[in-house]
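# Chains, contacts and geometry: an overview
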Amino acid sequence: MRYIPITADDKAQMLRDIGVRSTDDLFADVPAAVRLGRPLDLPPAKSELEILNELRWLTGKNANLVDNACFLGCGAYDHYIPAVVDSVVRRGEFLTAYTPYQPEISQGVLQAIFEWQTLMAELTAMDVANASMYDGASALAEATIMALDLTGRNKVVLAHTVHPQYRSVVATYLQGLGVELVQAPMAPDDAGTVCLNTLESLIDDATAAVVVQTPNFFGCLEPVRQAARLARARGALFVVGITDPYSLGLLEAPGNYGADIVALEAQPLGNPMSYGGPAVGVIATRQAFMRRLPGRLVGQTLDNRGQRAFVLTLQAREQHIRREKATSNICTNQALNALAATVAMCWLGKAGLQQAAEHSLHKAHFALAEISQLPGWAPAFKAPFFHEFAVRVPVDPQQVNRHLLGSKQIIGGYSTRADYPELGNLMVFAVTEKRTRAELDRLVAGLREVG
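Basis of the calculations
- Residues numbered from 1 in each chain as written.
- Predicted model: local features only at pLDDT ≥ 70, side-chain atom pairs only at ≥ 80, totals over all residues.
- Heavy atoms only, no water.
- Helix = DSSP H or I, 4+ residues; strand = E, 2+ residues; numbered from the N terminus.
- Buried < 20%, exposed > 50% of the residue type's maximum accessible area, 1.4 Å probe, protein only.
- Contact = heavy atoms within 4.5 Å.
- Areas by Shrake-Rupley, 256 points an atom, 1.4 Å probe, with all protein chains shown as cover.
- Lys, Arg positive; Asp, Glu negative; His and termini not counted.
- Charge placed at Lys NZ, Arg CZ, Asp CG, Glu CD.
- Core = buried A, V, L, I, M, F, W, Y, C linked by side-chain atoms within 4.5 Å.
- Pairing = 2+ DSSP bridges.
- Axes fitted to C-alpha atoms, helices over the stretch in contact; angles between N-to-C directions.
- Parallel < 35°, antiparallel > 145°, perpendicular 65-115°, else oblique.
- Left-handed = near helix turned anticlockwise from the far one by under 90°.
- Nonpolar A, V, L, I, M, F, W, Y, C, P; charged D, E, K, R; others polar.

## A closer look at the overall build of the protein
A tally of helices and strands in the protein yields 12 helices and 15 strands. Overall, the C-alpha framework of the protein stretches about 80 × 65 × 50 Å when taken along its three principal axes. Across the 451 residues of the protein, 49% fall into the buried class. Within the protein, counting contacts between residues at least 6 apart in sequence, those at least 24 apart form 71% of the total. Of the roughly 22,200 Å² of accessible surface on the protein, a fraction of 53% belongs to carbon and sulfur atoms. In the protein, which carries 40 positive and 45 negative side-chain charges, the distance between the mean positions of the two groups comes to 1 Å.

Dropping the structure here:
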């Protein structure tokens with residue numbers, strides 16, 4: 001909390017300097033008919049100490065990730081955030097910085113963005129990555145528009161196993177553009193992945209992009225190589241969405257199995273869950289498509305003294321170039337979140353990322369094996385998974401989560417009933433490297449009690 005102290009004498013002096021007799025005179029030009037006409041029903045003023053105590057009481061009502069073990073995923077994940085991340089992002093040079101309109105005095109911010117782009121390109125095995133996507137959902141939507149621009153076609157085939165909120169954002173972005181958006185259904189054999197036969201039948205010569213997410217919303221690994229071949233056979237671009245970059249510590253990078261554009265959510269790297277945001281998205285692509293990237297691209301060069309310098313190489317947004325030539329109207333800056341992800345990746349290194357991914361993988365598979373032994377609980381799908389899995393639930397998922405939180409201090413899984421009602425009672429649990437054996441045992445015990 002911050003207070004600006006002002007005494008009655010201060011207020012009187014300010015009014016005299018302005019040239020009015022009272023505060024009411026400041027609103028003299030506002031018609032009386034539109035004024036409130038009565039005092040605001042506000043509680044009495046409180047001291048700073050009283051306000052701080054009240055805020056602490058309010059925050060104590062939150063189900064935070066310090067006092068509770070979190071198994072909630074589906075797009076936001078509770079990975080470990082090293083202490084160095086907070087130390088760096090709270091530095092005034094970064095915390096107060098905005099879009100680097102003047103590169104000559106923004107070298108630190110530009111270098112941080114450059115390092116971010118480099119790490120994202122290496123992580124995805126793509127040629128180039130951009131900066132300043134809002135989040136993974138908007139990045140995926142921008143990626144589809146990018147594919148439409150590149151191909152000149154007007155159809156997008158989107159797997160039904162993509163995160164439902166991501167699919168909703170894509171549909172919102174595409175409405176009014178005259179684009180045909182088709183969803184490819186799930187395989188009928190409980191694989192938990194997109195149906196390849198139906199996907200092939202939906203792709204035609206008008207298809208600009210085939211869009212899948214892996215691991216998908218249910219945590220299942222999609223048959224990405226086959227999907228890439230199907231897209232390429234009809235001249236469509238293959239767009240891959242990723243919601244947890246930790247998966248790339250073990251899984252093949254998209255650039256190695258045929259992805260043309262990758263839309264990634266980097267929240268799990270150094271950024272807390274924070275009620276689902278703020279997040280940070282990125283688009284990575286091949287060099288041939290670089291000039292159609294939305295957002296910005298920081299490049300490295302030499303200044304007139306031969307020193308290394310960083311510049312905004314591409315600025316394909318409406319603020320910088322003519323509207324008809326812009327690739328996007330993205331106009332914000334997620335650089336602080338990107339910096340947190342950059343610091344976290346540098347702290348982890350390749351070996352650390354792989355180790356964290358391995359811990360997540362093994363703990364998740366252990367959790368599923370234990371849950372599957374409970375009466376009425378069973379794996380929902382057959383496909384391999386990374387650190388997130390769906391299970392069939394014998395009771396109401398809301399009842400499960402209430403019991404876990406109330407008696408076990410556990411934030412439980414995600415109920416898919418609102419998004420996929422045809423699948424019945426399913427819950428998706430995410431297990432990261434942070435979860436301990438005691439927490440996993442507590443989860444299984446809580447499920448046993450409620451089931």
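## Here's the deal with the nonpolar core
Trp116, Met120 and Phe238 are the most contacted members of the largest nonpolar core, which has 83 residues in total. Setting aside its immediate chain neighbours within four residues, tryptophan 116 contacts Asn130, Ala131, Ala266, Val280, Gly281, Val282, Ala338, Ala341 and Thr342. With 24 residues, the next largest nonpolar core counts Val393, Leu404, Ile410 and Met427 among its residues.

## What to know about the pairing of strand β12 (residues 388-392)
Sheet faces and side chains relate simply in a regular strand, where the side chains alternate between the two faces. Across the 5 residues that make up β12, a large majority, 4, are buried. For strand β11 (residues 378-379) and β12, the ladder comprises 2 bridges, and the chain directions are antiparallel. Paired with alanine 378 across the bridge in β12 is arginine 392. Taken together, the 5 bridges between β12 and strand β15 (residues 426-430) define a ladder with antiparallel strand orientation.

## Examining the packing of helix α10 (residues 335-371) against helix α12 (residues 437-450)
Where α10 meets α12, the closest approach of the two axes is 10 Å, and the angle between their N-to-C directions is 25 degrees. The pairing of α10 with α12 is recorded here as roughly parallel in orientation. Remark: the crossing between α10 and α12 carries right-handed chirality. Taken together, the residues of α12 that come into contact with α10 (itself represented by Lys363, Phe366, Ala367, Glu370 and Ile371) are Arg437, Leu440, Asp441, Leu443, Val444 and Leu447. Here the residues of the contact of α10 with α12 sort into 7 nonpolar, no polar and 4 charged.

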